[in-house]
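Close look at the chain arrangement
So you can see what is in the structure, the chains are spelled out below.
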Amino acid sequence: IGWEISHKMNVGFELKLFNDLEIQAEYFKERRTNILQERADIPSLMGFQAPIRANIGEAKGQGVDISLDYSHIFNKNLWTTIRGNFTYASSEFSEYEEPDYSATPWRSKIGSKLSQTYGYIAERLFVDDEDVANSPKQQFGEYTAGDIKYKDINRDGIIDEQDIVPIGYPTTPEIIYGFGPSITWKKWDFSVFFQGQANVSLMMSGFEPFGTQSKNNVLEWIAEDYWSKENQNPNAKYPRLTKYNNNNNMQSSTYWLRNAAFLKLKNAEVGYNFKWGRVYMSGTNLLTFSPFKLWDPEMGGGKGMAYPTQRTFNLGVQITFK
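Rules used throughout
- Residues numbered from 1 in each chain as written.
- Predicted model: local features only at pLDDT ≥ 70, side-chain atom pairs only at ≥ 80, totals over all residues.
- Heavy atoms only, no water.
- Salt bridge = Lys/Arg side-chain N within 4 Å of Asp/Glu carboxyl O.
- Helix = DSSP H or I, 4+ residues; strand = E, 2+ residues; numbered from the N terminus.
- Buried < 20%, exposed > 50% of the residue type's maximum accessible area, 1.4 Å probe, protein only.
- Pairing = 2+ DSSP bridges.
- Axes fitted to C-alpha atoms, helices over the stretch in contact; angles between N-to-C directions.
- Core = buried A, V, L, I, M, F, W, Y, C linked by side-chain atoms within 4.5 Å.
- Contact = heavy atoms within 4.5 Å.
- Polar contact = N/O pair within 3.5 Å; in protein donor to acceptor, adjacent residues only side chain to side chain.

**Some remarks on the pattern of salt bridges**
Pairs can form between side chains of opposite charge whenever their charged atoms are close. If you walk through the whole model with that rule in mind, you get 15 salt bridges. The shortest N-O distance in the salt bridge between Lys264 and Asp296 comes to 2.7 Å. With Lys264 in strand 15 (residues 262-274) and Asp296 in the loop between strand 16 (277-289) and strand 17 (312-319), this residue pair connects regions lying 32 residues apart in the sequence. Residue Asp296 is classed as buried on the basis of its relative accessible area, which comes to 14%. Residue Glu269 is joined to Arg278 by a salt bridge in which the shortest nitrogen-to-oxygen separation is 2.7 Å. Judged by its relative accessible area of 25%, Glu269 falls in the partly exposed class.

**Here we look at the sheet that holds strand 12 (residues 188-198)**
The nine strands are arranged 1-2-3-4-11-12-15-16-17 in an open sheet whose pairing can be described as antiparallel. Lying at the two open borders of the sheet, with one neighbouring strand each, are strand 1 (5-17) and strand 17. With direction set aside, neighbouring strand axes in the sheet form an average angle of 10°. Where strand 12 and strand 15 come together, 10 bridges link them in antiparallel fashion. What sits directly across from Trp188, in strand 15, is Tyr272.

**Description of the nonpolar core**
Membership of the largest hydrophobic core comes to 27 residues, with the highest contact counts inside it found for Leu125, Ile148, Tyr150, Met204, Trp221, Tyr255 and Trp256. Those residues in contact with Leu125 that sit more than four places away from it in its chain are Asp131, Gly146, Asp147, Ile148, Lys149, Trp227, Asn233, Pro234, Ala236, Tyr238, Pro239 and Tyr255.

**Regarding the environment of Glu269**
Positionally, Glu269 belongs in strand 15. On a C-alpha basis, the gap between Glu269 and Val200 in space is 29 Å, while along the polypeptide they are 69 residues apart. Apart from the residues lying within four places of it in its own chain, the contact partners of Glu269 are Asp189, Phe190, Ser191, Arg278, Tyr280, Met281 and Ser282. At 2.7 Å, the side chain of Glu269 forms a polar contact with the side chain of Arg278.

**As for the side chain of Glu174**
Summarising the element assignment, Glu174 is placed in the loop between strand 10 (165-167) and strand 11 (175-185). For Glu174, the side chain forms a polar contact with the side chain of Lys113, separated by 2.7 Å. Leaving out residues up to four positions away in the same chain, Glu174 has contacts with Thr87, Tyr88, Ala89, Ser90, Lys113, Ala198 and Asn199.

Pasting the structure below:
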């Protein structure tokens, strides 16, 4: 076992135009070799108690990083600064020891993103017992009407690990960006900053309403739309309720996969300058725009019952002694 080796290249430039606009841009590329990985070709018959690891993995990544700064003085009473940044970074496995997946190429990690999510494709919920009987056999314990129905990728009549495929975007965002102005007018100043991410998914977990490890009540979004005999909706937001954790329904799948992109009004501040100092009011996490509404997508997938991101407000006075 030895050290992982990283080969990096960065190419960038800085450009200033009209004494107002400054642009910085960078292209980066990285190739990592000798990545420590568990061996996939060691048979269990050899009797090893611990997994065997070796420096056999390889990965590559690339991306761009751009920042813009614009400053302009209009007159003695008005000036502004506008800042923006954008980063795109993507990486994938180029070498990965794994079984022969020639019969099921979708299971191979080679060419896949480093933080790619894998799981089953959920078609819908089973409508009734007849639907269950006429569908491929799912190897996750008992299931019935109202449970999740998965797609048979290799069409062998059985839903098992052979049907696991890459789903969604990576769990690490490929795009990070931000922008916002700062404006001063006479004795007033105002600034806002927006922050966002894109090309990222989250896998919902940690919110089971019942179960051996759960002490939670039923969440509102589950109570409003779950499968039941009175609501046999095959596209309900939650499968049928069970007293204990349902292994069939807790599989990693597109049923629980969500788009975790967002745009936040991360910071805002307004201030007034007077002879002896400045009075101001500021706030953080003021607004969030996202297709995912159940909790703050910045918290990730396993945070359904975690303490939520706080919205804060501050009122302050800065006194200057001369």
